[in-house]
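Chain residues, written in single-letter form:
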Amino acid sequence: METNPRALIWWRGIATIAAMLAFCPSQADESYSLDGAWIVESVSPQGYIPQIVEFSKDTNGISGIWTSRPKWKDQKIGGVTVRGASITFRVGSTADFRGALWQGRFVSRDVFVMRWMGENGVFGSDGVPIWSRTFRRASRSTLAALEADAPKDLITRKLPLPALRELASNGLALTPPMGWNSWNTFQDTIDDKTVREIADALVASGLRDVGYVYVNIDDGWQGRRDAHGILQPNSKFPDMRGLADYVHAKGLKFGLYTVAGPISCVDKVGSHGYEEQDAGQFAKWGADFVKVDWCSAGELYSFDVDGRAIFQKMGEALRETGRPMVYSICTGSRDWGLKAGVWGHKAGGNLWRTSEDSFVGNRWGSLSVRFDFDGVQSANGPGGWNDPDILLVGLQGLTVEENRTHMTLWSMLAAPLLLGNDIRRMSDAVSEILMNREVIAIDQDALGKQGRRAVKNGETEIWTKPLADGSTAIALFNRGAMDAEISANWSDLGLHGPQRVRDLWRHQEYDEGALEYRTVVPTHGSVLLRVAKASKAP
Ligand code: GLA
C-alpha cells in the first residue's frame, strides 16, 4: 500500500500531542482522582466478603478507610500519593497481614490496579510475582447491591471458649508431614484443575514416591455457607468430594485450609463459630490435613490470652469427626510460634508455625531468619512439629546453593516439608534437591529430634542432630557473602574418636578414621554429613 507522506506527518503529530497529554503531570493529576467509593475485586468473588475502600480529601491530603460488608473492621489508609496515573498507599496496622505498602496505577478513571508489596514494602524486591487487587469505582446502587448480598451469617462477636485441657494424641504425623501447599505459588488463584495437575505431577515426577503425599489447598477455595450453615466451596472448586477422590486415587492425601476468625487473610469466609460444622464438612469431603490460620481472630481475641483455647476448639472439633486429620496450627509470627510451641500439641496440633510467612520479602532474607526462628526446640517430636513454613525451594529468587541450604536447614530442624513451588515445571536441579532420599531421611528420622546450632563462627555455623541409629547429622552452613572454609572438629561437636563420614549432597563417603572434616562451603551454601563411629581404628 502506498503511504501518503502528508497523512503520516498528520498522524505523527496527533500521536505526539496525545503522548504529551498523557505524560503531562498536571493534566493527569486532574484526570485521575481517588475520591469516592471503590470495590476491591477478588479472584474468586463467590464467598468473598465484599471489601470497600472510600477515599476523601481534606486539607491534610487524601486518606481512606477500608471496610468489609458486613461492616465490622475498619482499617485506615494513609500515605496516599497520586502522581499521574501512579498510586501508592499504606493500609492499616500489621496485625492482620494487610499492614503494608500497596503500589499501582489507574487503568482508567474508574479502575485502578494495586500490587501488595508486603510489610515494609520489601515484598517483590527480587522480582517475584506478588498478589494484586483491582479497585473498581462503585456507584451508590452497586454499593447497595453489595450490602444486600454480603454474607449474613458471619459471627463477628466474641464467643465462649472451651476450658483448657490436654487433647489425647491423634496418632498422626509421627514424622514431619511431607507434601505440597498451594499458597507460595498460587495464592488465592488456586483452582480445581491446578490441584489435579499438581496431584498428577507429584506422581509423575516421583515426588510422591519419596514421601511428598499431602496435596494441601490453602486460602482461596472457600465459598458461602448454605442455609444450614454448611460451608460450600467457591466456583473454582465445583466438586470438592470429587477432587479429594481424585487425589486419593493417586495414592496421595488431601488437605484444606480455614481460619479461626470470621474472615480469612484473603477475605474468604472463616470458621469462627462454625468449628464443628466445618470440621464435619472437611471430614465428609475426605480431608486428611487441615490448616487453621489465625487470620482476623485477632480482631476479637488476644493470641496471648486466648490462642490456646481457640486452637483447642478446632482441635476438639476435628477429633470429634472421627476422621484422622493432621492439624496444622498457623500462628504467623515468631513470638506466637514460641507460645504455640508450649501448647500446640496439647491443643491437638500436629504442627505449628514458628514464623512469619516464608513467602513474604526477599527470598534469601526470609530463609536466613529461620536459622534463628526455630521455635521451642524441646517441643519437636513424633506427633508435633515446629513449622518454619512452606518451602521456597524452586521459587524464583533463590540460587541452587540457597535451595540446597533451605532443604538442609529444614531437614536439620525436622521441619514439615511442604513444597511451595509449581511442581509441574521444575528444573532438574530443583527436583534433584527435593528428591534427595538421603537428605529426606535426615528430616524424617524416627527419633524426631530437632537439630541445634553447635558452633557459630561469624557467618558460618555448624549444626548437629542426633539420629535414631546412633549416628549424627552434621550441617555446615555458610550464611556469608563470600565462600568460606569450615572445619568440623568431632570432639568440639561432642563426638568421640574417629568417625565415618558420608556427604549426603555429593553421595560420597570419606576416609574412615578422620577426627575432623574440613571443606570450603560456597556463599549461602551448605554441606550435610551423616557421621557415625568408625568401625576400624585410623
Ligand atoms: C497467612 C498464612 C499463610 C497463608 C495465608 C493465606 O498469611 O501465614 O501461610 O495461609 O495466610 O491467606
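Quantities reported herein were computed from a predicted structural model and do not represent experimental measurements.

Enumeration over the complete set of coordinates arrives at 1 disulfide. Note that Cys265 is cross-linked by a disulfide to Cys295, the S-S spacing being 1.9 Å. With the S-S dihedral at roughly -100°, the linkage between Cys265 and Cys295 falls on the left-handed side. In this pair, Cys265 is assigned in the loop between strand S13 (253-259) and helix H7 (275-285) and Cys295 in the loop between strand S14 (289-293) and helix H8 (303-320), connecting sequence segments 30 residues apart. A relative accessible area of 19% means that Cys265 is categorised as buried. In this structure Cys295 comes out as buried when scored by relative accessible area, which is 2%. There is no disulfide at Cys330, and the cysteine sulfur nearest it, in Cys295, is 6.8 Å away.

Before going further, it helps to examine the packing of aromatic side chains. Taken as a whole and assessed by the stated rule, the structure comprises 27 aromatic pairs. Ring geometry for Trp38 versus Phe106: centroids 6.3 Å apart, planes at 55°, classification tilted. With Trp38 in strand S1 (residues 36-41) and Phe106 in strand S6 (residues 101-108), this residue pair connects regions lying 68 residues apart in the sequence. For Phe106, a relative accessible area of 5% corresponds to the buried category. Chaining the aromatic ring pairs together yields one cluster made of Tyr32, Trp38, Phe55, Trp66, Phe89, Trp102, Phe106, Phe112 and Phe135. Here the basic side chain of Arg196 rests over the ring of Tyr246, its NZ or CZ set 5.0 Å away from the ring centre. Lying over the aromatic face of Tyr274, Arg225 brings its terminal NZ or CZ to 3.7 Å of the ring centre.

The next subject is the pairing of strand S20 (residues 460-466). Within S20, 6 of the 7 residues are buried, which leaves the element mostly enclosed by the surrounding structure. As paired elements, strand S19 (residues 452-457) and S20 share 5 bridges and run antiparallel to each other. Counterpart to Val455 in the pairing with S20 is Ile462. Following S19, the chain reverses through 2 residues before pairing antiparallel with S20; Gly458 in that reversal takes a positive phi of roughly 65°. Bridge count between S20 and strand S21 (residues 472-478): 7 bridges; the pairing is antiparallel. Within S21, the position partnered with Trp463 by the bridge is Ala475.

In this section: the sheet that holds strand S16 (residues 351-353). With parallel pairing, the 8 strands of this open sheet are ordered in space as S17-S16-S15-S14-S13-S10-S9-S18. The sheet terminates laterally at strand S17 (385-387) and strand S18 (417-419), the two strands that pair on one side only. Direction aside, the axes of adjacent strands within the sheet are offset by 25° on average. Inspection of the sheet shows S13 paired to S14 by 5 bridges, in the parallel sense. Counted as the bridge partner of Gly255 is Phe289 from S14. Together, strand S9 (178-181), strand S10 (214-216) and S18 form the strand contacts of helix H5 (residues 192-204), whose direction differs from that of S10 by roughly 160°.

What follows concerns the sheet that holds strand S24 (residues 508-514). The strand order across the open sheet built from 6 strands is S19-S20-S21-S26-S23-S24, with neighbouring strands paired in antiparallel fashion. Pairing within the sheet leaves two strands with one partner each, and these edge strands are S19 and S24. For this sheet the average axis-to-axis angle between neighbouring strands, irrespective of direction, equals 20°. As paired elements, S21 and strand S26 (residues 526-533) share 6 bridges and run antiparallel to each other. Counted as the bridge partner of Ala473 is Arg530 from S26. The sheet strands contacting helix H11 (residues 400-413) are S20, S21 and S26, and the helix crosses S21 at an angle near 145°.

At their nearest, the axes of H7 and H8 sit 8 Å apart, and the two run at 45° to each other. As the angle between them shows, H7 and H8 are arranged oblique. Considering only the axes of H7 and H8, their crossing is right-handed. From H7, Glu275, Glu276 and Ala279 reach across to H8, where they touch Lys313, Met314, Ala317, Leu318 and Glu320. Looking at side-chain class alone, the contact of H7 with H8 contains 4 nonpolar, no polar and 4 charged residues.

Further remarks concern the pairing of S13. Buried residues dominate S13, accounting for 6 of its 7 residues. Both S10 and S13 contribute to a ladder of 3 bridges, which runs parallel. Note that in S13 the partner of Val215 across the bridge is Phe254. Tracing the backbone out of S13, into H7 and back to the parallel element S14 gives a crossover that is right-handed.

Cis geometry is adopted by the peptide bond preceding Pro70, which originates at Arg69 and carries an omega value of 0°. Relative to the helices and strands, Pro70 is located in the loop between strand S3 (61-68) and strand S4 (75-83). A positive phi angle, close to 55°, is found at His507, a residue other than glycine. Here His507 is to be found in the loop between strand S23 (499-503) and S24.

Turning to the site of the ligand, a few remarks are in order. Looking at the ligand, the residues that line it are Trp183, Asp218, Asp219, Tyr257, Cys265, Lys291, Asp293, Cys330, Arg353 and Asp357. At a separation of 2.7 Å, an oxygen atom of the ligand approaches a polar side-chain atom of Asp219. Within the contact set of the ligand, an oxygen atom lies 2.9 Å away from a side-chain nitrogen or oxygen of Asp293. For the ligand, the protein covers 98% of the area, taking 300 Å² as the surface of the free molecule. Class assignment for the residues of the shell around the ligand results in 4 nonpolar, no polar and 6 charged.

Across its 14 residues, H11 extends 20 Å between first and last C-alpha, which sits within 8% of the 20 Å expected from 1.5 Å per residue. Buried within H11 are the following residues: Glu402, Asn403, Thr405, His406, Met407, Thr408, Leu409, Trp410, Ser411, Met412 and Leu413. Downstream of H11 by one or two residues, Ala414 has phi in the positive range, about 55°.

Before going further, it helps to spend a moment on the pattern of salt bridges. This model, assessed by the stated rule, comprises 33 salt bridges. Counted as one network, the salt bridges with shared partners bring together Lys193, Glu197, Asp422, Arg424 and Arg425.

Cut-offs used in this document
Each residue is numbered by its place in its chain's sequence as written, counting from 1. The predicted nature of this model means local features are confined to residues of pLDDT at least 70 and side-chain atom pairs, given and counted, to a pLDDT of 80 or more, with totals for whole chains, interfaces and linings taken over all residues. Side-chain numbers come from the whole structure's heavy atoms, not from hydrogens or water. Only a pair of cysteine sulfur atoms within 2.5 Å qualifies as a disulfide here. Helix numbers and strand numbers start at the N terminus; a helix is a DSSP run of H or I with at least 4 residues, a strand a run of E with at least 2. Each residue gets one of three labels from its accessible area relative to the maximum for its type: buried under 20%, exposed over 50%, partly exposed in between, using a 1.4 Å probe on protein chains only. Within 6.5 Å between ring centres, the rings of Phe, Tyr and Trp (the latter by its six-membered ring) count as paired, and their orientation is classed by plane angle as stacked under 30 degrees, edge-to-face over 60, tilted in between. Consider the ring centre and the ring normal. A charge sits over the ring if Lys NZ or Arg CZ is within 6 Å of that centre and within 35 degrees of that normal. Strand pairing is assigned whenever DSSP detects at least two bridges linking the two strands. To get an axis, fit a line to the C-alpha atoms, keeping to the stretch in contact for a helix; angles then go from 0 to 180 degrees between the N-to-C directions. Here, residues are in contact when the closest pair of their heavy atoms is within 4.5 Å. The scheme is simple: roughly parallel for angles under 35 degrees, roughly antiparallel for over 145, roughly perpendicular for 65 to 115, oblique for anything else. Note on convention: near helix rotated counterclockwise from far helix by under a right angle means a left-handed crossing. Clockwise means right-handed. When residues are sorted by character, Ala, Val, Leu, Ile, Met, Phe, Trp, Tyr, Cys and Pro go into the nonpolar class, Asp, Glu, Lys and Arg into the charged class, and all the rest, Gly among them, into the polar class. Here a crossover is taken to be right-handed if, once the strands point away from the viewer, the path from the first strand over the helix to the second is traced clockwise. We call a residue near a molecule or strand whenever a single non-hydrogen atom of that residue lies within 4 Å of it. Pairs of N or O atoms within 3.5 Å make up the polar contacts considered here, provided that, within protein, one atom can donate a hydrogen while the other can accept it, and that residues adjacent in sequence are counted only when both atoms are side-chain atoms. Here, Shrake-Rupley sampling with a 1.4 Å probe gives the accessible areas, and only protein chains in the shown set may cover a residue. By this rule the span expected of a helix is its residue count minus one, scaled by 1.5 Å. When a carboxyl oxygen of Asp or Glu lies within 4 Å of a side-chain nitrogen of Lys or Arg, that pair is called a salt bridge.

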